[in-house]
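Results of the structural survey
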Amino acid sequence: MTRVRAVELRLVGLGLVRPFRTSFGQMTEKACVLAKVETDDAIGWGECVAGAEPDFSEEFNEGAWLVLRDLLVPALFAAGDVGAARLDELFAFVRGNPMAKATLVNALLDAELRAQGRSLASFLGSERDRVECGVSIGIAPTAEALLDQVAGHLLEGYRRIKLKIEPGADLERVRAVRERHPDILLSVDANAAYTLEDADVFRGLDPFELLMVEQPLHHEDLVDHAKLQRQIRTDLCLDESIRSAAHAEAAIELGSCRIVNIKQGRVGGVLEAKRVHDVVSARGVPVWCGGMLETGIGRATNLALASMPGFTLPGDTSASRRYFHDDLTEPFEMAPDGTMAVPDEPGIGVQPLPERLRECTHRLERLTAG
Ligand code: SMG
Ligand code: MG
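The following refers to the structure shown. (Residues numbered from 1 in each chain as written. Chains lettered and ligands numbered in written order. Predicted model: local features only at pLDDT ≥ 70, side-chain atom pairs only at ≥ 80, totals over all residues. Heavy atoms only, no water.)

Concerning the overall build of the chain
Per the secondary structure count, the chain includes 12 helices and 13 strands. Taking 370 residues into account, the globule formula puts the C-alpha radius of gyration at 21 Å, and the chain, at 20 Å, falls close to it. The principal-axis extents of the C-alpha atoms in the chain amount to approximately 60 × 40 × 35 Å. Residues counted as buried form 61% of the 370 residues belonging to the chain. Within the chain, contacts between residues separated by at least 24 positions form 73% of all contacts whose residues are at least 6 apart in sequence. Of the accessible surface of the chain, which amounts to about 14,300 Å², a share of 50% is contributed by carbon and sulfur atoms. (Helix = DSSP H or I, 4+ residues; strand = E, 2+ residues; numbered from the N terminus. Rg over C-alpha atoms; globule rule 2.2 N^0.38 Å. Buried < 20%, exposed > 50% of the residue type's maximum accessible area, 1.4 Å probe, protein only. Contact = heavy atoms within 4.5 Å. Areas by Shrake-Rupley, 256 points an atom, 1.4 Å probe, with all protein chains shown as cover.)

Listed below in structure tokens is the structure:
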């Protein structure tokens, strides 16, 4: 337990090496909120995974900023002695907003672990010092452009390729990639672009032996996914629909998916992510670590999570250079064998590079207790 003396909120922006298009929109810049928490004992960093628009979920940067500045940070200051494990309860007066809450949960936990000299991976019960990396490829302008990107990433060593799909860019794209690469681990992610009426598309994907189909239907649905899973052979994986360990249990109970994507930000931080891992793994269902194009701060957090024993499939834990020419931290590199080292220094194990942080900061606000 420690007192939080100050919190610095920053809105940062980093150009992407290439636009990232999903079924809900296109990103050319990664913009996000960072929190630096200063306690009596240490400092800690948290990255909010929300983006500029409320498109992946209802959270977005300007909304998260207000929730953090006007509600969550004042509650943290008012709490006096506090630990990361108590924040769920402390923040319960704000409904939802898991991404904003995760920013402070992760930052305070980082500060606590730095003060103890313990790595986040060790705290989470990590069993590996390297994790397997996959890569998520946005919807390309043409099938040829997609094939080029796939070939490039396979050469780099990525162990699983995920294709973003949408109506009109699905079966034929998957067919093209599968014909060229019969044996790779291949999956697709629809980001909620379809309805149950489109079941034929997913039956049509079955022959391509995909590792999974991620979030084909509505972003909050469980019941229709269960109906779809009964009609197809390929495993469904849920992303957007899983906001907590309780949702994950419900999804498995209902038969809505056979694989779970864990994004710590989407479920309210690494502590709830650990609970999702625990309940899902206890039921023998594989989990893997999703990504939100995080900077090095969020990436370090994800790598620690991905090293837990139940994470048995390659994650969207790609190298910094897949996203940015220059990251906020020292860049994360992937080895040619498609694995990446899990940080082993105290806390998340990395810090932003001061000069780079200054360059990328669009707005900074320092809040102090009392
Ligand atoms: O971090 O490599 C990454 C991106 C992985 O595809 C990815 N994320 O639904 O899983 C997902 C998407 C969400 C991206 S929102 C901009
Ligand atoms: Mg997804």
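What to know about the packing of helix α5 (residues 143-156) against helix α6 (residues 171-180)
At a minimum axis distance of 10 Å, the contact between α5 and α6 shows a crossing angle of 40°. Taken together, the axes of α5 and α6 are oblique relative to one another. The handedness of the crossing between α5 and α6 is right-handed. Side by side, α5 and α6 meet where A143, E144, L146, L147 and V150 of the first sit next to R173, A176, V177 and R180 of the second. Looking at the contact of α5 with α6, its residues break down into six nonpolar, no polar and three charged. (Axes fitted to C-alpha atoms, helices over the stretch in contact; angles between N-to-C directions. Parallel < 35°, antiparallel > 145°, perpendicular 65-115°, else oblique. Left-handed = near helix turned anticlockwise from the far one by under 90°. Nonpolar A, V, L, I, M, F, W, Y, C, P; charged D, E, K, R; others polar.)

Structural notes on unusual backbone geometry
Notably, N97 is not glycine yet its phi reads approximately 55°, a positive angle. By the secondary structure assignment, N97 is in the loop between α2 (87-90) and α3 (98-116). The phi torsion at E209 lies on the positive side, around 50°, for a residue other than glycine. Relative to the helices and strands, E209 is located in the loop between α7 (199-205) and β8 (213-214).

Thoughts on the environment of S241
Within the secondary structure, S241 is located in the loop between β9 (236-238) and α9 (245-254). As for S241 and V223, which are separated by 18 residues in sequence, their C-alpha atoms are 11 Å apart. In contact with S241, not counting residues within four places along its chain, are Q215, H218, H219, E220, D221, L222, H225 and H247. A polar side-chain atom of S241 sits 2.7 Å from the main-chain carbonyl oxygen of D221. (Polar contact = N/O pair within 3.5 Å; in protein donor to acceptor, adjacent residues only side chain to side chain.)

Side note on the coordination of the magnesium ion (ligand 2)
Octahedral six-donor coordination of a metal ideally yields angles of 90 or 180 degrees, compared with 109.5 degrees for tetrahedral four-donor coordination. Binding of the magnesium ion (ligand 2) to the protein goes through D189 (OD), E214 (OE) and D239 (OD), at separations of 2.1 to 2.3 Å. Here the donor residues of the magnesium ion (ligand 2) are spaced in sequence according to D-x24-E-x24-D. Placement of the pair is E214 in strand β8 and D239 in the loop between β9 and α9, with a sequence separation of 25 residues. Of the two residues examined, E214 and D239, each falls in the buried class. (Donors = N, O, S within 2.8 Å, 3.2 Å for Na, K, Ca; no water.)

What to know about the sheet that holds β8
Taken in spatial order, the seven strands of this open sheet run β5-β6-β7-β8-β9-β10-β11, and their pairing is parallel. Only two strands of the sheet have a single neighbouring strand rather than two, namely β5 (134-137) and β11 (287-289). Sheet topology note: the strand β6 (residues 160-164)/strand β7 (residues 186-189) ladder contains four bridges and is parallel. When the sheet's bridge partners are listed, I161 is paired in β7 with L186. Strands β10 (259-262) and β11 of the sheet are contacted by helix α10 (residues 270-282), whose axis makes an angle of about 170° with β10. (Pairing = 2+ DSSP bridges.)

Here's the deal with the site of ligand 1
Taken together, 17 residues sit near ligand 1, with S136, N191, K263, L293 and Y323 positioned nearest. Note that an oxygen atom of ligand 1 is positioned 2.6 Å from one of the side-chain N or O atoms of Y323. Contact with the protein chains covers 96% of the free accessible surface of ligand 1, which is 440 Å². Of the residues belonging to the shell around ligand 1, the class tally is seven nonpolar, three polar and seven charged. (Near = heavy atom within 4 Å.)

By themselves, these are just geometric observations and shouldn't be taken as functional.
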